[in-house]
Amino acid sequence: MNMSEPLQFQGLRGELKRGEPMSRHVSWRAGGPADLFYVPADLEDLGAFLRQLPAAEPVLFVGLGSNLLVRDGGWRGTVVMTHAPARRPHMDGGRVYAEAGVASPKVARFAALHDLEGAEFLAGVPGSVGGALAMNAGCYGGETWDIVERVATIDRSGRLVERSPAEFEIGYRHCAPRGAREEWFAAAWFRLAPGDGEASRSVMKELLARRIATQPLGLPNAGSVFRNPPQDHAARLIEACGLKGFARGAARVSEKHANFIVNPQGAAHAADIEWLIEHVQRMVYQMQSVVLESEVRIVGEPA
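Described in the following lines is the structure provided in the data block. (Residues numbered from 1 in each chain as written. Predicted model: local features only at pLDDT ≥ 70, side-chain atom pairs only at ≥ 80, totals over all residues. Heavy atoms only, no water.)

**Concerning the sheet that holds strand β17 (residues 247–248)**
Ordered by their spatial adjacency, three strands build an open sheet running β17-β18-β19, and the pairing between neighbours is antiparallel. Sheet topology places β17 and β19 (261–262) at the edges, where each strand pairs with a single neighbour. Bridge count for strand β18 (residues 251–253) against β19 is two bridges, and the pairing is antiparallel. Its bridge partner being in β19, arginine 252 is matched across the sheet by valine 262. Packing of helix α6 (residues 270–288) onto the sheet brings it into contact with β17, β18 and β19, and relative to β18 it is tilted by some 25°. (Pairing = 2+ DSSP bridges. Helix = DSSP H or I, 4+ residues; strand = E, 2+ residues; numbered from the N terminus. Contact = heavy atoms within 4.5 Å. Axes fitted to C-alpha atoms, helices over the stretch in contact; angles between N-to-C directions.)

And the structure:
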């Protein structure tokens with residue numbers, strides 16, 4: 001987008017900003033500004049916003065920004081911020097319905113409140129429903145698409161379409177539409193079995209205790225940086241290379257969990273984090289002959 005000729009919009013009810021620092025909106029607390037930044041009031045308002053964007057405008061949807069690195073030069077285009085603390089799941093025809101901006105742990109807690117089981121693992125997914133759908137997020141044996149009955153997507157024309165899992169290619173930490181179409185996840189319906197809410201809450205409490213004990217949750221991070229190779233763990237390979245605590249600028253490989261890169265003071269440049277990601281990949285390949293695949297989406301322009 002040409003910032004000297006800012007886009008003009010009509011009839012919006014959401015919050016529109018220009019030059020918004022993305023470091024405020026990603027869990028790594030690093031990254032440059034977005035040219036345009038919009039927080040829609042609801043899905044109808046989101047549709048009205050998308051319809052007014054130029055067809056060639058780059059669009060980036062962000063929830064909790066937990067698997068995202070925006071480079072220091074920022075995002076030349078529009079960011080749509082789907083997360084809003086007030087958004088909550090609700091029941092719809094016996095299914096748990098949640099918009100893309102709802103935090104995944106809220107879905108787990110809501111399901112337990114309604115004595116439904118199968119979503120407990122979402123308590124350990126540090127992102128939004130949209131992000132969980134986009135990367136088939138999972139932990140402790142559960143994966144997002146295992147419990148999805150259907151989703152709603154939205155395209156540039158603001159059109160909402162309900163789609164089934166069969167319309168996507170789904171794998172380990174991967175989800176892509178079958179066929180070429182530009183659209184974003186707007187909501188999901190989760191199919192869960194009747195269960196015992198108290199038992200579900202006990203499971204979630206145990207999962208959270210395990211996360212606190214093994215992951216650097218008190219420091220800015222983006223969750224697991226690398227996918228686990230088949231029959232192995234990325235953290236084991238990284239630790240075997242002696243990379244725990246290895247630093248670049250203010251960013252470093254976590255001493256608590258080697259598959260996390262942390263930004264302890266919030267002072268790291270995105271370039272430091274990206275360099276560390278590439279360095280870890282390089283060293284693990286040289287020393288262990290394993291190619292680590294990053295789970296992190298890296299976008300934007302260098303400084």
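There is more to say after this.
**Overview of the packing of aromatic side chains**
In total, this model carries eight aromatic pairs according to the counting rule given. With centroids separated by 5.0 Å and ring planes inclined at 55°, the aromatic side chains of tyrosine 97 and tryptophan 189 adopt a geometry described as tilted. Highlighted residues: tyrosine 97 in strand β7 (residues 95–99) and tryptophan 189 in strand β15 (residues 183–190), separated in sequence by 92 residues. Relative accessible area serves as the criterion here: at 6%, tryptophan 189 is assigned to the buried category. A network of ring pairs unites the aromatic residues Phe9, Tyr38 and Phe49 as a single cluster. (Phe/Tyr/Trp six-rings, centres within 6.5 Å; stacked < 30°, edge-to-face > 60°. Buried < 20%, exposed > 50% of the residue type's maximum accessible area, 1.4 Å probe, protein only.)

**Concerning the packing of helix α2 (residues 104–113) against helix α4 (residues 197–214)**
Remark: α2 packs on α4, axes separated minimally by 8 Å, with the N-to-C direction vectors making an angle of 150°. Put simply, α2 runs roughly antiparallel to α4. Two secondary-structure elements touch here, α2 through Ala108, Arg109, Ala112 and Leu113 and α4 through Gly197, Ser200, Arg201 and Met204. Residues belonging to the contact of α2 with α4 are distributed by class as follows: four nonpolar, two polar and two charged. (Parallel < 35°, antiparallel > 145°, perpendicular 65-115°, else oblique. Nonpolar A, V, L, I, M, F, W, Y, C, P; charged D, E, K, R; others polar.)

**Points about empty space enclosed by the protein**
As enumerated under the stated definition, the model contains one cavity of 30 Å³ or more in all. Empty space within the largest cavity amounts to approximately 100 Å³. Among the secondary structure elements, those contributing two or more residues to the lining of the largest cavity are α1 (43–51) and β15. Of the residues that constitute the lining of the largest cavity, the class distribution is eight nonpolar, two polar and three charged. (1 Å grid on protein atoms, 1.4 Å probe; cavity = no way out; pocket = protein on both sides within 12 Å on 5 of 7 lines; lining within 4 Å. Points joined across faces, edges and corners; volume = space filled by probe spheres on them.)

**Considerations on the state of the cysteines**
In total, this model carries zero disulfides according to the counting rule given. Unpaired in this structure, cysteine 139 has its nearest cysteine sulfur neighbour in cysteine 175, at a distance of 17 Å. (Disulfide = S-S within 2.5 Å.)

**Quick notes on the pattern of salt bridges**
Pairing is possible between side chains that carry opposite charge, provided their charged atoms lie close to one another. Applying the stated criterion across every chain, the model contains 23 salt bridges. In this structure, glutamate 20 engages arginine 24 in a salt bridge whose closest nitrogen and oxygen atoms are separated by 3.5 Å. Measuring nitrogen to oxygen at the nearest pair gives 3.1 Å for the salt bridge that ties glutamate 293 to arginine 227. Of this pair, glutamate 293 sits in the loop between α6 and β20 (297–299) while arginine 227 is found in the loop between α4 and α5 (234–240), placing the two residues 66 residues apart along the sequence. Glutamate 293 sits in the partly exposed class, given a relative accessible area of 45%. (Salt bridge = Lys/Arg side-chain N within 4 Å of Asp/Glu carboxyl O.)

**With respect to the pairing of strand β12 (residues 160–163)**
Regular strands have side chains that alternate between both faces of the sheet. With burial as the criterion, only one face of β12 is covered, namely that bearing Val161 and Arg163; the residues Leu160 and Glu162 on the opposite face remain uncovered. When strand β11 (residues 148–155) meets β12, the two strands line up antiparallel, connected through four bridges. Considered in β12, the bridge of valine 151 is made with arginine 163. Counting the residues in the hairpin turn of β11 and β12 gives four residues, including glycine 158, whose phi is positive at 80°.

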